[in-house]
Every structure is written in C-alpha cells, then in structure tokens.
Amino acid sequence: MATLLGSESPCTGGKRRNCSSNIVTKLTASKITGQGFSRGTQLPGGLLQERDKRAKWNGIPTLLQKLYESSHPNSDLSHAHNFLKVLSSHLSMEAMSFVTEDRKTAQESTFPNTYTFDLFGGVDLLVEILMRPTLTMQKKKPKMNDDLVKDCLSVLYNCCICTEGVTKSLAARDDFVLFLFTLMTNKKTFLQTATLIEDILGVKKEMIQLEGIPNLSGLVQSFDQQQLANFCRILSVTISEPDVGNDDKHTLLAKNAQQKRNASPSRAEVNQVTLLNIPGFIERLCKLATRKVSEATGANFLQELEDWYTWLDNALVLDALMQMATEDAEQSSTESSDESSLATSPLRHRLPQSMKIVHEIMYKVEVLYVLCVLLMGRQRNQVHKMLAEFRLIPGLNNLFDKLIWRKYTASNHVVHGQNENCDCSPEISFKIQFLRLLQSFSDHHENKYLLLNSQELNELSAISMKANIPEVEALVNTDRSLVCDGKKGLLTRLLAVMKREPPDSSFRFWQARAVESFLRGATSYADQMFLLKRGLLEHILFCIIDSGCTSRDVLQSYFDLLGELMKFNIDAFKRFNKYVNTPEKFQTFLTQINSSLVDSNMLVRCIVLSLDRFESQTEDVKVVEVLSECCLLSYMARVENRLSFLFRLINIINVQTLTQENVSCLNTSLVILMLARRKAKLPFYLNALREKEYAEKYPGCLLNNFHNLLRFWQRHYLNKDKDSTCLENSSCIPFSYWKETVSVLLGSDRTSLCAIASYIDEPFMDLDRDTLED
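A short tour of the structure in this document, coming up. Every chain is numbered on its own, with residues counted from 1 as its sequence reads. With the structure being a predicted model, the display of local features is reserved for residues of pLDDT at least 70 and the display and counting of side-chain atom pairs for 80 or more, all residues being used for whole-chain, interface and lining totals. Where side-chain values are given, they derive from all heavy atoms of the structure, hydrogens and water being excluded.

Moving on: empty space enclosed by the protein. Rolling a probe over the atoms, with the probe sized like a water molecule, indicates the empty space that remains. Only protein atoms enter the 1 Å grid, on which a cavity is a set of points fitting a 1.4 Å probe that cannot get out and a pocket is an open set with protein on both sides within 12 Å along at least 5 of 7 lines, lining residues being those with an atom within 4 Å of a point. Grid points are joined across faces, edges and corners, and a volume is the space filled by probe spheres set on the points. Inspection of every chain in the model, using the stated rule, returns three cavities of 30 Å³ or more. Each helix is a run of H or I in the DSSP string that is no shorter than four residues. Each strand is a run of E no shorter than two, and both are numbered from the N terminus. Sorting the residues of the lining of the largest cavity by element identifies helix 31 (552-566) and helix 34 (597-614) as the ones contributing at least two each. In terms of residues, the lining of the largest cavity owes the most to one element, helix 34, which gives five residues. For the lining of the largest cavity, the residue count by class is four nonpolar, two polar and four charged. All residues other than Ala, Val, Leu, Ile, Met, Phe, Trp, Tyr, Cys, Pro, Asp, Glu, Lys and Arg, Gly among them, are scored as polar; the first ten of these are nonpolar and the last four charged.

Our next topic: the nonpolar core. Phe117, Phe176, Phe181, Met184, Phe281, Leu531 and Phe589 are the most contacted members of the largest nonpolar core, which totals 223 residues. Here this core gets 13 residues from one element, more than from any other, and that element is helix 21 (residues 355-375). When neighbours within four sequence positions are excluded, phenylalanine 589 is seen to be in contact with Leu541, Ile544, Ile545, Leu562, Phe576, Leu603 and Leu632. In this description, a nonpolar core means a group of buried Ala, Val, Leu, Ile, Met, Phe, Trp, Tyr and Cys residues linked to one another through side-chain atoms lying within 4.5 Å. Buried, partly exposed and exposed residues are distinguished by accessible area as a fraction of the type maximum, computed with a 1.4 Å probe on protein chains only: under 20%, between the cut-offs, and over 50%, respectively. Contact criterion: two residues are considered in contact whenever any of their non-hydrogen atoms come within 4.5 Å of each other.

Right, let's talk about helix 15 (residues 267-276) for a bit. Within helix 15, seven of the ten residues are buried, leaving the element largely enclosed by the surrounding structure. Restricting attention to buried positions, one finds in helix 15 the residues Ala268, Glu269, Asn271, Gln272, Thr274, Leu275 and Leu276.

For every element, the axis is a line fit to its C-alpha atoms; helices are fit only across the contacting stretch, and the angle between N-to-C directions ranges from 0 to 180 degrees. Two elements in contact, helix 29 (residues 525-532) and helix 31, have axes whose closest approach is 9 Å; the angle formed by their N-to-C orientations is 120 degrees. Judged on the interaxial angle alone, helix 31 and helix 29 are oblique. Residues Gln528, Leu531 and Leu532 of helix 29 lie in contact with helix 31, whose contacting residues are Glu564, Leu565 and Met566. Broken down by class, the residue content of the contact of helix 29 with helix 31 amounts to four nonpolar, one polar and one charged. Put simply, angles under 35 degrees are roughly parallel, angles over 145 are roughly antiparallel, angles from 65 to 115 are roughly perpendicular, and the rest are oblique.

This brings us to the layout of surface pockets. One number sums up the size of the second largest pocket: a volume of about 500 Å³. Along the wall of the second largest pocket there are 22 residues; nearest its centre are Ile469, Tyr525, Phe568, Arg613 and Gln617. Elements with a contribution of two residues or more to the lining of the second largest pocket: helix 29, helix 32 (570-579), helix 34 and helix 35 (621-629). A per-class count over the lining of the second largest pocket returns eleven nonpolar, six polar and five charged.

This next bit is on the environment of leucine 475. The residue leucine 475 is located in helix 26 (residues 473-476) in this model. Between the C-alpha atom of leucine 475 and that of serine 461, which follows or precedes it by 14 residues, the distance is 8.3 Å.

Note on backbone geometry: most residues besides glycine have negative phi, and most peptide bonds are trans. We note that arginine 391 has phi near 55 degrees; this positive angle belongs to a residue other than glycine. You can see arginine 391 is positioned in the loop between helix 22 (380-389) and helix 23 (392-404). Arginine 391 gets classed as partly exposed once you look at its relative accessible area, which sits at 28%. Phi angles above zero are rare outside glycine, and phenylalanine 568 is one such case at about 65 degrees. Relative to the helices and strands, phenylalanine 568 resides in the loop between helix 31 and helix 32.

On to the packing of aromatic side chains, then. When we look at a pair of aromatic rings, we describe it by the centre distance and by the angle of the planes. Any pair of Phe, Tyr and Trp rings, taking the six-membered ring for Trp, is counted once the centres come within 6.5 Å. Such a pair is stacked with planes under 30 degrees apart, edge-to-face with planes over 60 apart, and tilted for the rest. On inspection of all chains with the given rule, the structure shows 16 aromatic pairs. Ring geometry for phenylalanine 190 against phenylalanine 223: centres 5.3 Å apart, planes inclined by 70 degrees, an arrangement best described as edge-to-face. One end of the pair, phenylalanine 190, is in helix 11 (residues 190-201); the other, phenylalanine 223, is in the loop between helix 12 (216-222) and helix 13 (225-239), and 33 residues separate them in sequence. By the burial criterion, phenylalanine 190 is buried, and phenylalanine 223 matches it. Connected via pairs of aromatic rings, a cluster forms that spans Phe181, Phe190, Phe223 and Phe231. Geometrically, a charge over a ring is one whose NZ (Lys) or CZ (Arg) sits within 6 Å of the ring centre while staying within 35 degrees of the ring normal. A cation over a ring is seen here: arginine 534 above phenylalanine 530, with NZ or CZ 3.7 Å from the ring centre. Taking NZ or CZ as reference, arginine 613 lies 3.7 Å from the ring centre of phenylalanine 568, over its face.

So, on to the environment of leucine 156. Tracing the chain through its elements places leucine 156 in helix 8 (residues 146-162). Along the primary structure leucine 156 and valine 127 are separated by 29 residues, whereas in three dimensions their C-alpha atoms are 8.5 Å apart. Setting aside its immediate chain neighbours within four residues, leucine 156 contacts Val123, Leu126, Val127, Leu130, Phe176 and Leu196.

Here's what the structure looks like:
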C-alpha cells in the first residue's frame, strides 16, 4: 500500500486527515496515467469503510466492491443486481435534479455520489458486466436478465449527464458503442440503450460508421414504429455533417481547401447511402411522418404543453414516462378492479393527456429531420423518387390544419436555429422542420408540383394557355396520382398561414424560404402568376414597407422571395407600382434595400435582369406602359443608380470574407457587367469604377479587389464538382457567357478596353496577388 498512501499508511498520525483526499488523488492519477490501481475495488475493504463517513462517500466504494465480487463469470448475478439497485438509488436523485433543474455543468461537488461511483471504477465495472456475454467462447451466449441490463444502462446514463468526462470515455470505446446497438434488439432495454447511445454519439470525436453495426438492416427492420422514431434521433447524429458553426458563415476559400483535402465521400455521406440501402426504411419514415394523431381537448392544452416542454426536451424521456405510466396502470389494474385507484395513481396524476400529442409531435420532428438531411444529400434524386412514391407530401397536407399549423401556436422573436439542436418547444421545432422539408423538397426539383392538388395543376395549365406559352415540362410530367388531395394543396395552405402570421413571428423567415424554393430554378410565368393571384406580392411589400419588420433574416428571405416572384414578370412590376403608390413608400422600400445589400442583392439582380429583358420587348404595348410608369424600373434604368449598386457590391466583399451567403454579391455585380458588355458598354462601367477609386483617393483598391474576386470565381465555379446550372437558370444567361465575360475582364492585355488591368495604373497593380495562394 506504500505506493498509494505513503509511508505512514494505514492512516496514522498527521496523515489521517488527508487520507481520503490521498485516495482520491491517487485514483484520479491512475485514471490519467494508467499506472497504479485500475479501480477503487482493489483497495482493502476495511480502509474504505474507515474513511467512508469522513469523506462522505455514502458507502459507494464498499458497495462497488460487493458488486465486483458478486459479478464474476458464472456467478449468480441476482446478488450483483441487488447491490446495483442500492447504488442506483444513490445516483438516481442526482440525475433527476440535473434533468429538472438548470442543467448546470457537471461538477463533482454538485453530484458527489455519481462522481464517487465513477472515481472508484463503477463505470468501467458496469461496462465489463454488460459486455461479458460477448467475451465467452461458448457457442450459446449466456443471456443476462433484462432488468439487470436496464439498470446498468440507466446508471451509466446518470453518470454521463452528472459527471464530466464519462460520456467521452465511453465514446472512445468503439467496441462498447457497437455493442450497445446489439442491445436495441430487445424491446425491454431499447429505451435505456437508445438514450445512452444518443448521449455518447453526441460527443464522439469520429462519426460512427453505420455499416459497422452488426446486422444493421435486420436491426432496423425489427423496430416497431415507436422504436424507429426514436432511432431517428440517433441517426440524425450519424448522417449530418459535423456542426462547426453556421455553414453560411464559413469562407468559401476555406471550404474549397477542405474539399480538396477530403476528396472522398464523408462518413455522413457514406452513412446516408447505408440507410437508403435498408429495405423499406424510407417508406416507414413516410408513414411515421404522416400518421394521424387524436386531437387533444380542453382549453389548458397549450399551457400543459409549455409546462412539460420546459424539462422534457427529449422524446426518449417522454417514452420512458409513458412506459412507466402504462406499467403503473397495468399494476394497478391487477391489484384492484376499482377504477378510482387507477385514476388516483400518483404517476398518472402527473402525466397530462396532452403528452400523447407532444409525444407524436416529437417523433415527427426527428423523422422530418432525417428526411430533410437525406433530401439535401448526394442521393437526392433517389430520395425524391421514394418520397413521391410513398406520398409524403399528400400525407403532410392532410395533417396541416389539425396538427402542423394550429392557430394558437406562437413563436418568439428569434429566428430559431437550422439544426436539430434548436432550443425551442416541440411545436416550434415541428413547424421549422416541416418548413425546412418543404424547402428542400421544392428546391430546383420537378417534384415541386406535388405540393399542389389536381385543380391547382389545372389552374397552372390554364395560365400558360391564356398567356400563349407552353406548359413547363415538369408540370406536364407530374403524376397526378401522387399530388395533394382535398380542396387545397400544401403550398396554398402555407400561403394562407403565411399571410396571417404576426409581424414579429420568426416563422416568416422559414415560410418565405419554403415558398421561394418553389419558384427557384428556371423562371416559370405560370408559377409566378399562381402566387400573384393569391396576393403574395402585396403581402411581401406590406412586410417590407409597412409592418415595421426589423429582422435582417426575415427581410432577406422576403427580398429573395420578391426577386423570384417578380423576375421577368411584367404583371408583377405593374402590381408593385400599384402598391408602392407614393414617393414615401418607394423611399422606404429603397431604404430597406440599401440598408444591407448582402440581404437584398438578389432582388437587385432580378430588377436589373428584368429591365434588360423589358427594354428588348418594346413592341409590346403593355411592357412599354409599365416601363414608363413603374417607379422601380425607372429608378434602375438610370445608369448612375446601377453604377452605385455596382460600386457597393464590389466593395463589401473580398476573397477572404466570401461565404455562401455573400458570394451572391459577386454574381450580381457580374450580371450588371455582363448586361453592359452585351450593349458594348463594359469600358464605360470599368472606367467609372476607376474614377470612383480616384474620387475616394484609393486608386487601384476597388479594381484590384474585383480582379482577385474574379480569379477566385474561376477557381470556384469552373471546378468540375460545381453545378453551374443554378447561375444559368436564375439569370437566363448561358454559363458560357459568364465564363467568357470573366475571362475578358481578367485579360492581361493592358490595351484591351474590356480588361480590368487596363484601368489600374502600373504603381497600383496587383496589391493582393497572394490572396489565392494555398
């Protein structure tokens, strides 16, 4: 014992006071260094009992010794289970206080019992007990008692949430993580296993490979619908790219460099393929997402829901409570036939009826999240085909009024996060995931017309016929048996609630994004008119001009939506002029645009492109009339205003700060210059940029910055993995002309009037030549 307690051990003289702290210090050191005692159960029992009271260990080290001694291979584990139950009672109250209170950072002083349990080797011992059947050489593996397994898992989970470092140490053991998945085949231990796995995967450094799970396909197919829904919560960690912040805020320079380093598919992408190869997986998720739930009754529903959400933010915890309630009811019914005894059951009394609806909502949040991630992955077309075949959209349409969008659900003033960790109530999470799914489903995909019903599809056809333009091919090819049922399609229902949404609601952001995605891609006049006839343009203008909205996120989403709605559509500009009918309103509109060009530049691009097309249609009386009357077109027709936008668009970005969010500013500036080049006015614009530099006393600064940006543009968009069709579809300018214009602008011939280099004086050339170097 000299190595542990020093020369005066056992605790005598001056060492007595520090004996317990020395034990703790030595055990802690052994965990870090791997030297000395591997677990506290190796210490003499007498010593532990002597120091227990003063150290306030509550008998935990002694109980662990008894658990260890009674859990040897081939021993009767019933005795071990009894000791574990006693230990569990010491730990469970600490875990409950963590869940129900402020969820403070786990500290040993806050949860002394759990800390002591881990310090003396309790966590390692339980892992050893659980995995023991896998270590036997016998053909027939010994089966452990389900209740013992459940209690082991529950204690491990309590340790994870109460003691810092436990979860990470378990996550580092790949053998244990994969073993846990095998326990999910047993319905009696499923909840405890799923809860622990979710906690472990959340901190695991390397994403787990789903294909490494033994018989994953058979495991998933064995799940009932409730288990599958909870399994989605685990899957969300395995199919999402690691969250290292807001994706839009990462510089494209850094992302391109990372993609160059990691050319092979990521683990998340491999896991997505693994899931899609499981027979019936997507079909079952569609059924889960669209199954109906009985409506709650009573005026107190919302208050009950909010009360429960404050501490029940996990569908697994809800499941555990529902299971307890069921078991409690079964026990009560066997003990007494008196119905009043069941009604007055303490647990039943604490579980409101509304939990069943919260339960279903939280299931759907997990399922919709998984479907949304798969829709945004590399296998998008395969997923789209399956979601259409299994009628996901018509199913969601049937749930819209009764479950997805109930009138009294309110959102606060925050635009809630875009990932699964959004800290908001189940109902808010459900709505956001629903809107994100619609956005992903509609975005640049022909299946977007499944959001309409048959009558609405006929309306689109009639609009095209009246305008004497051909129907969009995707509309013609839409399978009418897969579209929405009922009087309204899903898109129309969404428009209705969007217009009723309060001015300060954060749902406006997600609603606008979902509707905008329906319009994105090649511009469709019929799609635009379908939405214009339902008052969407007036609603957007009200929000921008008259509602007092100050949220940059919401305003950006409305600017983007307005741009898609008005692009190349003369009727939309006519409606705009009718609503913005005073100089004051128009000035307010311009102020909103100019307040943040990063947010509004897509709308600016739309106006510039539309103006260019209308100016080539002067044989059309209607176009000529709108051109002469529309204040917005007249404003953009003035070259000084276009130049002003161009100056600022180039000035607010540089290569080091380019992100997915602001790269559109570069493309909008290019659109302005491409249209100028078509009219042989490119030298005029470049010279204006040069004059602006000298007027601001920064010669070469603006043009060198633009030169660097265009060099980056070439590297970024001419990459073989980049999809250029988005630029082409959104502008109706062939991508070949984009590439050609950039090449002309970057020309090295200083005698060329269309090359940027010609407008930078020699002393100021190439101020930032190294910005693109790796």
